[in-house]
Amino acid sequence: MSSATSEAPAPAVQFVQARGRSGSMWRDVFNRFKRNKLAIVGLALVIGICILGFGAPIIAPEGFNEQDLGNILAMPSWEHPLGTDYLGRDMLDRIAYGTRTSLIVAILTQGVALAIGLPLGAVAGWRGGTTDWFITRTIDIFSALPWYLIAIYLISVIQPGMRNIVIALGIASWVGPCRLVRGQFFSLRQQEFILSATAIGASSSRIIRRHAMPNALTPIIISVAMGIPAAVFGEAGLSFLGLGLSPPTPRLGQLVQEGLAYFMVFWHMVLFPAGMIALIVLGFTLLGDGLRDALDPRQTIR
Amino acid sequence: MLGYIARRLFWILTALLVLSVFTFALAHTVPGGPYSYGEIPLSEAQKAMFRKQYGLDRPLWEQYLTFLRNAVRLDFGVSYQSPRETVVEVISRTWPVSIKIGGIAAFLAITLGLSLGLLAAYNQNTWIDYVVTFLTTLTITTPSFIVAIGMIFLFAVRLHWLPTSGWAGPETWIMPILAMALGASGYVARYTRATALDVMQADYVRTARAKGLTEPLIATRHVLRNALIPLLTIVLPIIPGMMTGTIFVESLFRIPGLGSWFVSSSFKRDYPMILGITMLWAVLISVTYLVTDILYAVVDPRVRLEDVQE
């Protein structure tokens, strides 16, 4: 409960204090972040998750398919801390590799979402008029459908595989960043420093790259931080449904699905991968919330 | 007002049209068809027969026009995976299941969320507030099917109170409903708390208190009523989202609803079914947003509808 207590001080006060001590914007951000205990918990979780995921080849040097035939469906023990599955494969190894897959998918998905959303949003907000009308309408059509409908549909149409899961999830999640950047550019366009850049004859693309984008950076960082847990959930959900499967690499949702048949007795096959999904989503969400509060204290919803 | 609604409806129709072109084109550009998932390999002649039977041998634009003509009359053709039923029949068989579960879940999520949010707001910075904030953070961040798995472990595997999955009687409804409702209730609670705190500091609440109204009266007449306005935009879209079936929860509990049917349709390339469900989904969500915007203007006379549009 002590972690929740940290939210008590009003953000406005923190903001003034941080200002008073002077320093760069990033130091203010860092100070606000440091004071938020939940955000620190999130950061610690994320670091732990990254060590587990990206350290998978070190944790499981023999890979994720090594079978211990004397220990099939073993409960957690010193030898197999999270037990083994129905083929005697170590659950910790498989979960570590599953975490690795889900982290890679989540990060790449955000990359795809930004690659589509940023330029479209920037153009819509900057040009306005007909261009904006078309892009806004496209956003409207995409928002009329839930993300998983789009992703499942795309995966059923294109070939399965990791690359296509990333593409499907990316296409399903570009709307958020696009809308954000559009709104940001819309208001930036009328501000004085942009006007003066135009007045001294800077080209549009230079103004966008050098002046507008850096000012739109904060919402973009926040949207990426919030997008990662959504993508982790998306990847886990799709692999749980058995969609987009093909590589032999274990995926967390798939592990849960495999374990369900044994759930009544061998609960460790379900609870550990499920708990891992929950931890990843929780960690990144807390970190994202913390970043948002630190970067933009006015936006806090609490 | 009427002009605004007419314009919005016109736009919804256009969007549906564009969406149908997209979905249709994408579904038909991939190789394979209704016959490619069968266990028994089919001869070329049989494939040609199937193609002819479903009209897949005609040019794409002609197929689309046929689809459109029929769709206007709510005829989406025959489902490939259960050829004895039309798409509309399958939907009218599976949707009520999702509506029942989802409707109860939405009701639960909204009432629970509103009361928890108000409770937290009225006890700001006390232990009640912290407990609520902690719980809502937890329910928002935990994916619904993970919550469901936790509940299955607790109530089915350990305590043997409830069946693990299936669709038989009310005892099989409890866990799916809770799994759907908890996340959404946390979301509602968080926004309720924030808006209620905003409203509680408003001048008219201070005035109400100053003229000696009792606290319960202030809470219901002034705080809740005003807090409900911004909440509409959060709360209303939850309803169609739940009533169309949460695919993960439905798949996990093996509930024969619209969501799990959509998943099996994507596995089996059941294009008529996919198109039908996609259209239904899009119509519901667009109409909900329209209704939300209209209600917003009705309950809050300060809002002009043209402003809401953007």
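No experiment lies behind these values; they were computed from the predicted model shown.

Examining the overall build of chain A
Right, so step 1: A count of helices and strands for chain A gives 15 helices and 0 strands.
Right, so step 2: Counting all 302 residues of chain A, 53% fall into the buried class.
Right, so step 3: When contacts within chain A are restricted to residue pairs at least 6 apart in sequence, long-range pairs at least 24 apart make up 69% of them.
Right, so step 4: Of the roughly 13,300 Å² of accessible surface on chain A, a fraction of 66% belongs to carbon and sulfur atoms.

What about the overall build of chain B?
Right, so step 1: Within chain B, the secondary structure is distributed over 14 helices and 0 strands.
Right, so step 2: Buried residues in chain B amount to 49% of all 310 residues.
Right, so step 3: Across chain B, every contact between residues at least 6 apart in sequence was considered, and the portion connecting residues at least 24 apart equals 73%.
Right, so step 4: In the form shown here, chain B has an accessible surface area of approximately 15,400 Å², with 67% of it arising from carbon and sulfur atoms.
Right, so step 5: Looking at chain B, you have 24 positive and 19 negative side-chain charges, and the mean spots of the two groups are 2 Å apart.

A look at the interface of chain B and chain A
Right, so step 1: In this assembly, 51 residues from chain B lie in contact with 47 residues from chain A.
Right, so step 2: Across the interface of chain B and chain A, roughly 4,400 Å² is buried in total on both sides, 78% from carbon and sulfur atoms.
Right, so step 3: On the chain B side of the interface with chain A, the three residues burying the most area are Trp11(B), Tyr130(B) and Phe248(B), jointly 14% of the side's total.
Right, so step 4: Linking chain B to chain A there are 1 salt bridge.
Right, so step 5: The salt bridge involving Asp289(A) is made with Arg190(B); its shortest N-O contact spans 3.9 Å.
Right, so step 6: The tally of links from chain B across to chain A stands at 0 residue pairs in polar contact (both at pLDDT 80 or more).

Digging into the environment of Phe67(B)
Residues and elements named next belong to chain B.
Right, so step 1: Relative to the elements of secondary structure, phenylalanine 67 occurs in helix H3 (residues 60–72).
Right, so step 2: A relative accessible area of 11% places phenylalanine 67 in the buried class.
Right, so step 3: In the structure, phenylalanine 67 is positioned 47 residues away from serine 20 in sequence and 9.4 Å away in space, judged by C-alpha atoms.
Right, so step 4: Setting aside residues no more than four positions away along its own chain, phenylalanine 67 makes contact with Ser20, Phe24, Phe76 and Leu275.

Re the nonpolar core
Right, so step 1: Phe145(B) and Leu252(B) are the most contacted members of the largest nonpolar core, which has 139 residues in total.
Right, so step 2: Leave out the neighbours within four places in its chain, and Phe145(B) touches Phe233(A), Ala236(A), Gly237(A), Phe240(A), Ile277(A), Phe248(B) and Leu252(B).
Right, so step 3: Ranked by size, the runner-up nonpolar core spans 14 residues in total, among them Leu118(A), Ala202(A), Ala212(A) and Ile220(A).

Concerning the packing of helix H3 (residues 25–35) of chain A against helix H4 (residues 37–54) of chain A
Residues and elements named next belong to chain A.
Right, so step 1: Look at H3 against H4: their axes get within 5 Å of each other, and the N-to-C directions meet at 90°. As summarised for this structure, H3 and H4 are arranged roughly perpendicular, according to the angle between their axes. Across the interface between the two elements, Phe33, Lys34 and Arg35 of H3 pack against Lys37, Ala39, Ile40 and Leu43 of H4.
Right, so step 2: Each residue belonging to the contact of H3 with H4 can be placed in one class, and the counts come to 4 nonpolar, no polar and 3 charged.

A look at the side chain of Asn226(B)
Residue and element names in this part refer to chain B.
Right, so step 1: Structurally, asparagine 226 is set in helix H9 (residues 215–235).
Right, so step 2: Engagement of the side chain of asparagine 226 in a polar contact is seen with the backbone oxygen of histidine 222, the distance being 2.8 Å.
Right, so step 3: The residues touching asparagine 226, leaving out its near neighbours within four places in the chain, are Val199, Tyr204 and Arg302.

Structural notes on the packing of aromatic side chains
Right, so step 1: In the structure shown here, the tally under the stated rule is 14 aromatic pairs over all chains.
Right, so step 2: When the ring of Phe262(B) is compared with that of Trp281(B), the centres are 5.9 Å apart and the planes differ by 80°; the resulting orientation is edge-to-face. With Phe262(B) in helix H12 (residues 258–267) and Trp281(B) in helix H13 (residues 271–299), the pair connects residues that are 19 residues apart, well separated along the chain.
Right, so step 3: What makes Phe262(B) buried here is its relative accessible area of 1%.
Right, so step 4: Ring-pair connections join several aromatic residues into one group, and the members of that group are Phe233(A), Phe240(A), Phe145(B) and Phe248(B).
Right, so step 5: Over the aromatic face of Phe186(A) sits the side chain of Arg182(A), whose NZ or CZ is 5.1 Å from the ring centroid.

Describing the confidence of the model for chain B
Right, so step 1: Predicted confidence across chain B gives a mean pLDDT of 81, with 93% of residues reaching 70 or more.
Right, so step 2: Interface confidence in the predicted complex, given as ipTM, is 0.76; pTM for the same model is 0.80.

Quick notes on the packing of helix H6 (residues 91–127) of chain A against helix H7 (residues 129–143) of chain A
Residues and elements named next belong to chain A.
Right, so step 1: Between H6 and H7, the shortest axis-to-axis distance is 7 Å and the interhelical angle comes to 140°. In terms of orientation, H6 and H7 fall into the oblique class. The two elements H6 and H7 cross, and the hand of that crossing is left-handed. For the pair formed by H6 and H7, the contact residues are Leu120, Val123, Ala124 and Arg127 on the first element and Gly129, Thr131, Asp132 and Ile135 on the second.
Right, so step 2: Looking at the contact of H6 with H7 residue by residue, the class counts come to 4 nonpolar, 2 polar and 2 charged.

With respect to a nonpolar patch on the surface
Residue and element names in this part refer to chain B.
Right, so step 1: Taken together, the side chains of Met1, Val283, Val287, Val291, Leu295, Val298 and Val299 present a nonpolar region at the surface, about 540 Å² in accessible area.
Right, so step 2: By the secondary structure assignment, leucine 295 is in helix H13.
Right, so step 3: Judged by its relative accessible area of 33%, leucine 295 is partly exposed.

Regarding the pattern of salt bridges
Right, so step 1: As enumerated under the stated definition, the model contains 11 salt bridges over all chains in all.
Right, so step 2: Among the ionic pairs, Glu235(A) bridges to Arg251(A), the shortest N-O distance being 2.5 Å. Here Glu235(A), found in helix H13 (residues 217–241), pairs with Arg251(A), found in the loop between H13 and helix H14 (252–260); they are 16 residues apart in sequence, far enough to count as distant. By the burial criterion, Glu235(A) is buried, and Arg251(A) matches it.
Right, so step 3: A salt bridge links Arg8(B) to Asp293(B); the shortest N-O distance between them is 2.8 Å. Residue Arg8(B) is located in helix H1 (residues 2–29), and its partner Asp293(B) is located in helix H13; the two are separated by 285 residues in the primary sequence. Taken individually, Arg8(B) and Asp293(B) each receive the classification buried, so the pair is uniform in this respect.
Right, so step 4: In the salt-bridge network here, residues are joined through shared partners; they are Asp289(A), Arg292(A), Asp293(A) and Arg190(B).

Looking at the side chain of Arg32(A)
All names here are of chain A.
Right, so step 1: Tracing the chain through its elements places arginine 32 in helix H3.
Right, so step 2: Look at arginine 32 and you get buried, because its relative accessible area is 7%.
Right, so step 3: Here the side chain of arginine 32 touches alanine 294 through a polar contact of 2.6 Å, landing on its backbone oxygen.

Parameters and conventions
Residues numbered from 1 in each chain as written. Chains lettered and ligands numbered in written order. Predicted model: local features only at pLDDT ≥ 70, side-chain atom pairs only at ≥ 80, totals over all residues. Heavy atoms only, no water. Helix = DSSP H or I, 4+ residues; strand = E, 2+ residues; numbered from the N terminus. Buried < 20%, exposed > 50% of the residue type's maximum accessible area, 1.4 Å probe, protein only. Contact = heavy atoms within 4.5 Å. Areas by Shrake-Rupley, 256 points an atom, 1.4 Å probe, with all protein chains shown as cover. Lys, Arg positive; Asp, Glu negative; His and termini not counted. Charge placed at Lys NZ, Arg CZ, Asp CG, Glu CD. Buried area = accessible area lost by both parts, 1.4 Å probe. Salt bridge = Lys/Arg side-chain N within 4 Å of Asp/Glu carboxyl O. Polar contact = N/O pair within 3.5 Å; in protein donor to acceptor, adjacent residues only side chain to side chain. Core = buried A, V, L, I, M, F, W, Y, C linked by side-chain atoms within 4.5 Å. Axes fitted to C-alpha atoms, helices over the stretch in contact; angles between N-to-C directions. Parallel < 35°, antiparallel > 145°, perpendicular 65-115°, else oblique. Nonpolar A, V, L, I, M, F, W, Y, C, P; charged D, E, K, R; others polar. Phe/Tyr/Trp six-rings, centres within 6.5 Å; stacked < 30°, edge-to-face > 60°. Lys NZ or Arg CZ within 6 Å of the ring centre and 35° of its normal. pLDDT = per-residue confidence, 0-100. Left-handed = near helix turned anticlockwise from the far one by under 90°. Patch = residues over 30% accessible without salt bridge, like charges linked within 9 Å, V, L, I, M, F, W, Y side chains within 5 Å.

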